[in-house]
Amino acid sequence: MIANCSGVDMLVLDDSLLINQGKSRACYLHPADSDLVVKVPVGKKKENNQSNITELHGYQALMREQIDLLCISHCYGFVTTSLGKGLVCDCIRDDEGLISKTIWDIIIYQDDCDVDHIKEVAHDFGRFLTRRDTRLFDLNLKNIVLKLRYDGVYEPFAVDLKGRFDNKETIPVSSYFKYFARKKMVRRTRQLIERISFFRENRMQWQ
Ligand SMILES: Nc1ncnc2c1ncn2[C@@H]1O[C@H](COP(=O)(O)OP(=O)(O)O)[C@@H](O)[C@H]1O
Ligand SMILES: [Mg+2]
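Structural notes, computed from the coordinates. (Residues numbered from 1 in each chain as written. Chains lettered and ligands numbered in written order. Predicted model: local features only at pLDDT ≥ 70, side-chain atom pairs only at ≥ 80, totals over all residues. Heavy atoms only, no water.)

### Topic: the overall build of the chain
Heads up, the rule is: Every helix listed is a DSSP run of H or I at least four residues long, and every strand listed is a run of E at least two residues long, numbered separately from the N terminus. Buried, partly exposed and exposed residues are distinguished by accessible area as a fraction of the type maximum, computed with a 1.4 Å probe on protein chains only: under 20%, between the cut-offs, and over 50%, respectively. Contact between two residues is taken to exist if any of their heavy atoms lie within 4.5 Å; hydrogens are not considered. The accessible surface values rely on the Shrake-Rupley method and a 1.4 Å probe; as for residues, cover is taken only from the protein chains in view.
The secondary structure content of the chain amounts to 5 helices and 10 strands. Taking all 207 residues of the chain together, the buried fraction comes to 48%. By sequence separation, contacts in the chain at least 24 residues apart represent 61% of the contacts at least 6 residues apart. If you sum the accessible surface of the chain, you get close to 11600 Å²; carbon and sulfur atoms cover 53% of it.

This is the structure in structure tokens:
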């Protein structure tokens with residue numbers, strides 16, 4: 001629903017639209033467009049909207065370098081919502097129309113999942129990004145969703161770009177030198193694949 005509040009259009013978000021929640025943001029289906037989501041800040045730093053601002057900057061920087069990048073959820077800017085300022089992004093959906101799940105949700109909660117296929121998809125995703133020198137270091141199980149295609153194949157999409165320069169380096173060499181960035185991407189991809197195996201094997205602990 002869109003309400004008019006002091007002359008400004010405001011999106012009304014409620015629990016029926018909630019898709020999922022991360023540490024700093026809750027992700028809602030856009031009430032007027034089912035191809036979009038709206039992310040609003042939650043938690044301690046809710047007031048400053050920092051995650052959304054960082055994500056939008058990260059997205060804009062990425063687009064300056066990688067104009068034809070399809071495997072991310074694109075960002076379209078801010079809107080006013082009943083829960084504060086929200087960032088509008090693409091909603092990633094399976095071919096059948098369901099909202100795509102994160103790797104985490106699939107490997108932890110889904111009994112019948114093809115872990116080998118997911119590891120292969122993660123490996124190819126990391127290799128694709130590395131070869132294009134796309135710096136997306138935050139390859140987290142909860143920040144990648146897998147779009148299920150009609151043929152049963154998963155297509156990966158990065159949905160959280162706020163940590164793209166998440167180097168964890170005193171001197172951020174990976175931000176300036178392709179060589180170091182590639183090495184880091186290879187390591188982060190390997191960690192991602194190891195985590196898929198580890199969390200799948202121990203999934204009962206996390207349910
Ligand atoms: N574009 C999207 N399409 C589908 N689901 C999404 C999308 N963006 C986020 N989500 C879901 O919302 C969760 C939280 O969003 P995220 O941006 O990762 O928030 P946080 O900054 O708190 O980590 C994700 O883990 C994912 O389940
Ligand atoms: Mg996240």
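Picking up where we left off.
### Side note on the pattern of salt bridges
Operational definition: The working definition used for a salt bridge is a side-chain nitrogen of Lys or Arg within 4 Å of a carboxyl oxygen of Asp or Glu.
As enumerated under the stated definition, the model contains 11 salt bridges in all. A salt bridge links Arg127 to Asp124, with the shortest nitrogen-to-oxygen separation between them at 3.8 Å. In this pair, Arg127 and Asp124 both sit in helix α3 (residues 115-131), 3 residues apart, roughly one turn of the helix. Between Arg182 and Asp133 there is a salt bridge; the shortest N-O distance is 2.7 Å. Taken together, the residues span a long stretch of sequence, with Arg182 in helix α5 (residues 178-201) and Asp133 in the loop between α3 and β9 (144-148) at a distance of 49 residues. Taking relative accessible area as the criterion, Arg182 reaches 37% and is therefore assigned partly exposed. A cluster of three or more residues bridged by salt bridges with shared partners is formed by Arg25, Lys39, Glu55, Asp160 and Lys162.

### Focus on the environment of Ile193
Looking at the element boundaries, Ile193 is found in helix α5. By relative accessible area, which is 18% here, Ile193 ends up buried. Taking the C-alpha atoms as reference points, Ile193 and His123, separated by 70 residues in sequence, lie 6.9 Å from one another. Excluding residues that lie within four positions of it along the chain, Ile193 makes contacts with Lys119, Ala122 and His123.

### A word on the sheet that holds β9
Strands in a sheet are paired, the pairing made by backbone hydrogen bonds, and the direction either parallel or antiparallel. Going by this rule: Two strands qualify as a pair provided DSSP detects at least 2 bridges between them.
Taken in spatial order, the 3 strands of this open sheet run β8-β9-β10, and their pairing is antiparallel. With one partner strand each, in any of the chains shown, β8 (101-102) and β10 (154-158) form the two edges of the open sheet. Two strands pair when backbone bridges link them, and β8 and β9 are joined in this way by 2 bridges, in the antiparallel orientation. Across the sheet, residue Thr102 finds its bridge partner in β9, namely Val145.

### Some points on the layout of surface pockets
So the rule is basically this: A 1.4 Å probe that fits into a set of points on a 1 Å grid over the protein atoms alone but cannot get out defines a cavity; an open set with protein on both sides within 12 Å along at least five of seven lines defines a pocket, and lining residues are those with an atom within 4 Å of a point. Grid points are joined across faces, edges and corners, and a volume is the space filled by probe spheres set on the points. Gly is placed with the polar residues, together with every amino acid not listed as nonpolar (Ala, Val, Leu, Ile, Met, Phe, Trp, Tyr, Cys and Pro) or charged (Asp, Glu, Lys and Arg). Either an automatic procedure or a domain database provided the assignment from which the domain bounds are taken.
Looking at the largest pocket, its volume works out to about 1300 Å³. Lining the largest pocket are 50 residues, and of these Gly22, Lys23, Lys142, Asn143 and Asp160 lie nearest its centre. Counting residues per element, the ones that place at least two in the lining of the largest pocket are β3 (18-21), β4 (25-29), β5 (36-41), α1 (50-65), β8, α2 (103-109) and α5. Split by residue class, the lining of the largest pocket holds 16 nonpolar, 17 polar and 17 charged. Mapped onto the domain boundaries, the lining of the largest pocket takes at least three residues apiece from domain 1 (2-90) and domain 2 (101-206). The space that makes up the second largest pocket amounts to roughly 230 Å³. Forming the boundary of the second largest pocket are Leu70, Cys71, His117, Glu120, Val121, Asp124, Phe125, Phe128, Tyr154, Glu155, Pro156 and Phe157.

### Topic: α1
Selection criterion: A helix is expected to span 1.5 Å for every residue after the first.
Helix length check: α1, at 16 residues, gives a terminal C-alpha distance of 23 Å against a target of 22 Å (1.5 Å per residue), a fit within 8%. Buried within α1 we find Ser51, Asn52, Glu55, Leu56, Gly58, Tyr59, Ala61, Leu62 and Met63. Looking at the buried side of α1, the elements it contacts are β4, β5, β6 (75-81) and β7 (84-90).

### Comments concerning the pairing of β3
When β3 meets β4, the two strands line up antiparallel, connected through 3 bridges. Within β4, the position partnered with Gln21 by the bridge is Ala26. Where β3 folds back on β4, the antiparallel hairpin that results is connected by 3 residues.

### A word on the coordination of the magnesium ion (ligand 2)
To keep it simple, the criterion reads: Counted as donors are the N, O and S atoms within 2.8 Å of the metal, or 3.2 Å for Na, K and Ca, while water is not among the atoms, so some sites may look incomplete.
At the metal site, the magnesium ion (ligand 2) is ligated by Asn143 (OD1) and Asp160 (OD), and these contacts range over 2.1 Å. Here Asn143, found in the loop between α3 and β9, pairs with Asp160, found in the loop between β10 and α4 (173-176); they are 17 residues apart in sequence, far enough to count as distant. The pair formed by Asn143 and Asp160 is uniform in burial state, with each residue classed as buried.

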